[in-house]
Amino acid sequence: MNLKQMVGEKAAEYIKEGMVVGLGTGSTAYYMVEALGRRVNEGLNIIGVTTSTRTKEQAEGLGIPLKSVDEVDVIDITIDGADEISRDFQGIKGGGGALLFEKIVADYSKKVIWIVDESKMVDELGAFPLPIEVMPYGSLQLFKIFEAKGYQPEFRLDEAGEKYVTDGGHLLIDLNMKEIKEPHALATWLDGLTGVVEHGLFLDRVNTVIVGYENGPVVKEVR
Ligand SMILES: O=C[C@H](O)[C@H](O)[C@H](O)COP(=O)(O)O
């Protein structure tokens, strides 16, 4: 079994009868959704809240009942992947382009679980390019601001070589920062830039991290 499948299936065990469940996006969350689909077909009653068109299509295909984030009172648990997790359990997400909906769903969740293989655990954030979701209008001005800061920005492109458009209708600029020494200060600065819709720094947001190692999953309770 590959490590992503291992943690995806482990995380699905946290889902209990009657829960509203946030369903993350990406190649690791994929396995959690598959495992959940099997349990639903065996009779488990849950409601899923998806974080992307991709996950919505997968969940619908598996027969998982879905509602939008605005149709539920609260989400009991959200299970999602991550691109990098630092020693102090801060994260970068959005490698798959779903950061905005993922952050919205996480913010209305009582408990957030991240599932990763061991390669995602790092000393400090920043080797993975930090995704910034921006309004198309004014995006070149933001690009120039990032360039002037030395953050080596790149517009995310799709398979056709066109600028990648998110589920929310925005563009993505990836910042190649190499290292992020002060993630909270960076997040505050990004939050204040007009035209930035969201960024991939997920700080102080995760409750439990499940890391896949060759000899088994390790559960880390964070907060
Ligand atoms: O936008 C995508 C999400 O933030 C994913 O959770 C993240 O990119 C990790 O994806 P994967 O499990 O495919 O590495």
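Since the structure is predicted, the reported quantities are computational estimates derived from the model, not experimental observations.

Q: Teacher, can you tell me more about the side chain of Asn207 here?
A: Mapped onto the elements, Asn207 comes out in the loop between β11 (201–202) and β12 (208–213). Among the polar contacts made by the side chain of Asn207, one reaches the main-chain amide nitrogen of Val112 at a distance of 2.7 Å. Each residue touching Asn207, except ones within four places of it in the same chain, is listed here: Lys110, Lys111, Val112, Lys220, Glu221, Val222 and Arg223.

Q: Help me understand the sheet that holds strand β9 (residues 171–175), please; the structure alone is not making it clear to me.
A: Within a sheet, adjacent strands bond to each other through the backbone by hydrogen bonds, running parallel or antiparallel. Spatially, the four strands line up as an open sheet ordered β8-β9-β7-β10, and their pairing is antiparallel. In this open sheet, the two edge strands, each paired with only one partner strand, are β8 (153–155) and β10 (196–199). Going across the sheet, the axis of each strand differs from the next one's by a mean of 30°, ignoring polarity. In this sheet, β9 lies alongside strand β7 (residues 130–134) in antiparallel orientation, the contact comprising five bridges. Residue pairing for β9: Glu133 is matched across the bridge by Leu172. In the packing of helix α5 (residues 139–148) onto the sheet, contacts are made with β7, β8, β9 and β10, and the angle to β8 comes to roughly 155°.

About the criteria used
- Residues numbered from 1 in each chain as written.
- Predicted model: local features only at pLDDT ≥ 70, side-chain atom pairs only at ≥ 80, totals over all residues.
- Heavy atoms only, no water.
- Helix = DSSP H or I, 4+ residues; strand = E, 2+ residues; numbered from the N terminus.
- Polar contact = N/O pair within 3.5 Å; in protein donor to acceptor, adjacent residues only side chain to side chain.
- Contact = heavy atoms within 4.5 Å.
- Pairing = 2+ DSSP bridges.
- Axes fitted to C-alpha atoms, helices over the stretch in contact; angles between N-to-C directions.

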